[in-house]
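Results of the structural survey
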Amino acid sequence: MRRKLAVLAIAVFSLFGLSVGSSAAAGGDFAPPGCFGERYGILFGQGVSVSCFPGAGYGYRVIAQCASGSAYWFVAGMPVPYGFGPAVAECSGGLLVPASVAAYRVVEI
């Protein structure tokens, strides 16, 4: 009986560790180095705003991975020159199934 409980406890802890590790590895909650990201709520959805320090290119834009129920899609924000404000991408869903930002990344232009 103790052996069965030990195996069950190990299985539960390993499943929890895999779910935490995969979500942390996705990097959806962190902006890249030199950038500051912030999530905010909109009507039936969520958006992300990212500001970056000047880099080698002309500017940057944010690409958000949106999730609503079992659907996933990408929303690309408008390109922003360095020093002219944040790049914004918004995920909007429906009344019964609001959308959220699962992950985001910043692309230099």
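One structure accompanies this document, and this report is about it. (Residues numbered from 1 in each chain as written. Predicted model: local features only at pLDDT ≥ 70, side-chain atom pairs only at ≥ 80, totals over all residues. Heavy atoms only, no water.)

Re the overall build of the protein
Of regular secondary structure, the protein possesses one helix and seven strands. Mapped in sequence order, the helices and strands of the protein form the string α-β-β-β-β-β-β-β. Burial analysis of the protein (109 residues in total) assigns 24% to the buried set. Here the contacts in the protein between residues at least 6 apart in sequence split such that 60% fall between residues at least 24 apart. (Helix = DSSP H or I, 4+ residues; strand = E, 2+ residues; numbered from the N terminus. Buried < 20%, exposed > 50% of the residue type's maximum accessible area, 1.4 Å probe, protein only. Contact = heavy atoms within 4.5 Å.)

Regarding the packing of aromatic side chains
For the structure shown, the criterion picks out two aromatic pairs. Plain terms: the ring middles of Phe36 and Phe53 are 5.6 Å apart, the flat faces sit at 80° to each other, and that makes the pair edge-to-face. Residue Phe36 is located in strand 1 (residues 35-42), and its partner Phe53 is located in the loop between strand 2 (45-52) and strand 3 (59-68); the two are separated by 17 residues in the primary sequence. Where Tyr60 meets Tyr82, the ring centres are 5.3 Å apart and the plane angle is 40°; that geometry is what we call tilted. On the criterion of sequence distance, the pair formed by Tyr60 in strand 3 and Tyr82 in the loop between strand 5 (80-81) and strand 6 (87-92) is long-range, its members being 22 residues apart. (Phe/Tyr/Trp six-rings, centres within 6.5 Å; stacked < 30°, edge-to-face > 60°.)

Focus on the state of the cysteines
With the rule as written, the count across this model stands at two disulfides. Covalently, Cys35 is tied to Cys52 through a disulfide, its sulfur atoms 2.0 Å apart. One disulfide, between Cys35 and Cys52, carries an S-S torsion of 105° and so falls in the right-handed class. Here Cys35 is found in strand 1, whereas its partner Cys52 is found in strand 2, with 17 residues between them in sequence. Given the relative accessible area of 14%, Cys35 is considered buried. (Disulfide = S-S within 2.5 Å.)

A word on the environment of Pro54
Position of Pro54 relative to the elements: it lies in the loop between strand 2 and strand 3. It is 7.2 Å that separates the C-alpha atoms of Pro54 and Gly83, two residues lying 29 residues apart in sequence.

Let's talk about the sheet that holds strand 6
In spatial order, the strands read 1-2-6; together these three strands make up an open sheet with antiparallel pairing. Sheet topology places strand 1 and strand 6 at the edges, where each strand pairs with a single neighbour. Strand-to-strand twist of the sheet, defined as the mean angle between neighbouring strand axes without regard to direction, takes the value 15°. (Pairing = 2+ DSSP bridges. Axes fitted to C-alpha atoms, helices over the stretch in contact; angles between N-to-C directions.)

Considerations on the environment of Gly34
Here Gly34 lies in the loop between helix 1 (2-26) and strand 1. Sequence-distant contacts of Gly34, that is, excluding residues within four places in its chain, are made with Ser51, Cys52 and Phe53.

Concerning the environment of Val88
Its place among the elements puts Val88 in strand 6. For Val88, the residues in contact, after removing those within four places along its chain, are Tyr40, Val48, Ser49, Val62, Gly77 and Met78.

Side note on the nonpolar core
Formed by 16 residues in total, the largest nonpolar core has its most connected members in Val48, Val50 and Val62. Broken down by secondary-structure element, the contributors of at least two residues to this core are strand 2, strand 3, strand 6 and strand 7 (100-108). With four residues, strand 3 is the largest single contributor of residues to this core. (Core = buried A, V, L, I, M, F, W, Y, C linked by side-chain atoms within 4.5 Å.)

What about unusual backbone geometry?
Of note, Phe44 is a non-glycine position whose phi angle comes to about 60°, a positive value. Within the secondary structure layout, Phe44 lies in the loop between strand 1 and strand 2.

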